[in-house]
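# Observations on chain architecture
One-letter residues, chain by chain:
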Amino acid sequence: NAGVMQNPRHLVRRRGQEARLRCSPMKGHSHVYWYRQLPEEGLKFMVYLQKENIIDESGMPKERFSAEFPKEGPSILRIQQVVRGDSAAYFCASSLGNQPQHFGDGTRLSIL
Amino acid sequence: QQQVKQSPQSLIVQKGGISIINCAYENTAFDYFPWYQQFPGKGPALLIAIRPDVSEKKEGRFTISFNKSAKQFSLHIMDSQPGDSATYFCAASGLTGGGNKLTFGTGTQLKVEL
């Protein structure tokens, strides 16, 4: 029974490039959450999606960031034109309805 | 605006001792309070959670104490072990139209010494 799978585990991008982070939820889970963790800080909510719908994107920066959770395939967090300040660990969590969230091991994004 | 305040930032406890981490929240709409444990390079793992209709919940060596009137809750780790050394996060959520997105505290780095 696989847990939440995130890939890649580490991603290095140069300023101005695009970063794509993928998240496959636990089997049967239709709710996906993305969080960002800066060094020495707690996790900050970014976006909450259900299949094909964005439910709450109140934590997403207004520009350059987007997320999707298509009917088939993983959820994608996309960051366009990355800047140094985007360097962080990005975690995905999934849940079954209002049940507890289970987290993946994250993608560590480094911007050169 | 930080909605969940966590203390202490770091904690050193002797093996066999009790580790206590405290959190306070502001949003009275919160109705679910989990604690997560995170090891370096890993994602947060759910440890134990409580809802406001009870004042205490115990699972093995881990206990959550909840004070609704004070809007505070705490994690107690009894008989702390070196394997408990990790970062602990409290969190809170409420079903107020935003699903159950979690608001996290800033974390406590626990070190259990032999």
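Everything that follows concerns the structure shown earlier in this document.
Not measured: the values here are computed from a predicted model. (Residues numbered from 1 in each chain as written. Chains lettered and ligands numbered in written order. Predicted model: local features only at pLDDT ≥ 70, side-chain atom pairs only at ≥ 80, totals over all residues. Heavy atoms only, no water.)

## Considering the overall build of chain B
Along chain B, the regular secondary structure elements total 0 helices and 11 strands. Its helices and strands taken in sequence order, chain B reads β-β-β-β-β-β-β-β-β-β-β from the N to the C terminus. For 114 residues, the compact-globule estimate of 2.2 N^0.38 gives 13 Å, and chain B sits close to it at 14 Å. The buried share of chain B, reckoned over its 114 residues, is 45%. Sequence separation of at least 24 residues holds for 53% of the intrachain contacts in chain B that already meet a minimum separation of 6. Surface exposure of chain B reaches about 5,500 Å², of which carbon and sulfur atoms provide 49%. Between the mean site of the 11 positive side-chain charges and the mean site of the 8 negative ones, chain B shows a separation of 4 Å. (Helix = DSSP H or I, 4+ residues; strand = E, 2+ residues; numbered from the N terminus. Rg over C-alpha atoms; globule rule 2.2 N^0.38 Å. Buried < 20%, exposed > 50% of the residue type's maximum accessible area, 1.4 Å probe, protein only. Contact = heavy atoms within 4.5 Å. Areas by Shrake-Rupley, 256 points an atom, 1.4 Å probe, with all protein chains shown as cover. Lys, Arg positive; Asp, Glu negative; His and termini not counted. Charge placed at Lys NZ, Arg CZ, Asp CG, Glu CD.)

## Remarks on the interface of chain A and chain B
If you look at the interface, chain A gives 22 residues, while chain B gives 20 residues. For the chain A and chain B pair, buried surface summed over both sides reaches about 1,600 Å², with 49% attributable to carbon and sulfur atoms. On the chain A side of the interface with chain B, the three residues burying the most area are Leu43, Asn98 and Phe103 of chain A, jointly 27% of the side's total. In this structure, the connection of chain A to chain B is made through 2 salt bridges. Between Lys101 of chain B and Asp56 of chain A there is a salt bridge whose closest N-O contact spans 3.1 Å. The interface formed by chain A and chain B includes 7 residue pairs in polar contact (both at pLDDT 80 or more). (Buried area = accessible area lost by both parts, 1.4 Å probe. Salt bridge = Lys/Arg side-chain N within 4 Å of Asp/Glu carboxyl O. Polar contact = N/O pair within 3.5 Å; in protein donor to acceptor, adjacent residues only side chain to side chain.)

## Some details on the side chain of Ser80 of chain B
All names here are of chain B. Position of Ser80 among the secondary structure elements: in the loop between strand E8 (72–77) and strand E9 (86–92). Within the structure, the side chain of Ser80 is placed 3.2 Å from the backbone oxygen of Ile77, a separation counted as a polar contact. With sequence-adjacent residues up to four places away left out, Ser80 is seen in contact with Val13, Gln14, Lys15, Gly16, Gly17, Ile18, Ser19, Arg61 and Val112.

## Focus: the sheet that holds strand E7 (residues 65–68) of chain A
Strand pairing in a sheet relies on backbone hydrogen bonds, with the paired strands running either antiparallel or parallel. Residue and element names in this part refer to chain A. Within the open sheet, the 4 strands sit side by side as E1-E3-E8-E7. Their pairing is antiparallel. Taken across any chain shown, the strands that pair with only one partner, and hence form the sheet edges, are strand E1 (5–7) and E7. Here the average twist between neighbouring strands, direction ignored, is 15°. Here E1 runs beside strand E3 (residues 19–24); their pairing, made up of 3 bridges, is antiparallel. Each bridged residue has a counterpart across the sheet, and for Asn7 the counterpart in E3 is Arg22. (Pairing = 2+ DSSP bridges. Axes fitted to C-alpha atoms, helices over the stretch in contact; angles between N-to-C directions.)

## Quick look at the environment of Ala49 of chain B
Residue and element names in this part refer to chain B. Residue placement: Ala49 occurs in strand E5 (residues 45–50). Residue classification places Ala49 among the buried residues on the basis of a relative accessible area of 12%. With residues near it in sequence (within four places) discarded, Ala49 still touches Tyr32, Phe33, Pro34, Lys57 and Ile64.

## Observations concerning the sheet that holds strand E1 (residues 4–7) of chain B
All names here are of chain B. If you walk across this open sheet you meet the 5 strands as E1-E3-E8-E7-E6, and the pairing is antiparallel. Only two strands of the sheet have a single partner each, and these edge strands are E1 and strand E6 (56–59). Each strand of the sheet is rotated relative to its neighbour by a mean of 15°, with strand direction disregarded. For strand E3 (residues 19–25) and E8, the ladder comprises 6 bridges, and the chain directions are antiparallel. Note on E8: the bridge partner recorded for Ala24 is Gln72.

## Considerations on the pairing of E6 of chain B
Residues and elements named next belong to chain B. Judged from the 4 bridges that link them, E6 and strand E7 (residues 62–67) form a sheet pairing that is antiparallel. Residue pairing across strands places Glu59 opposite Phe62, the latter belonging to E7. Linkage of E6 to E7, two consecutive antiparallel strands, is achieved through a turn of 2 residues, within which Gly60 is found at a positive phi near 60°.

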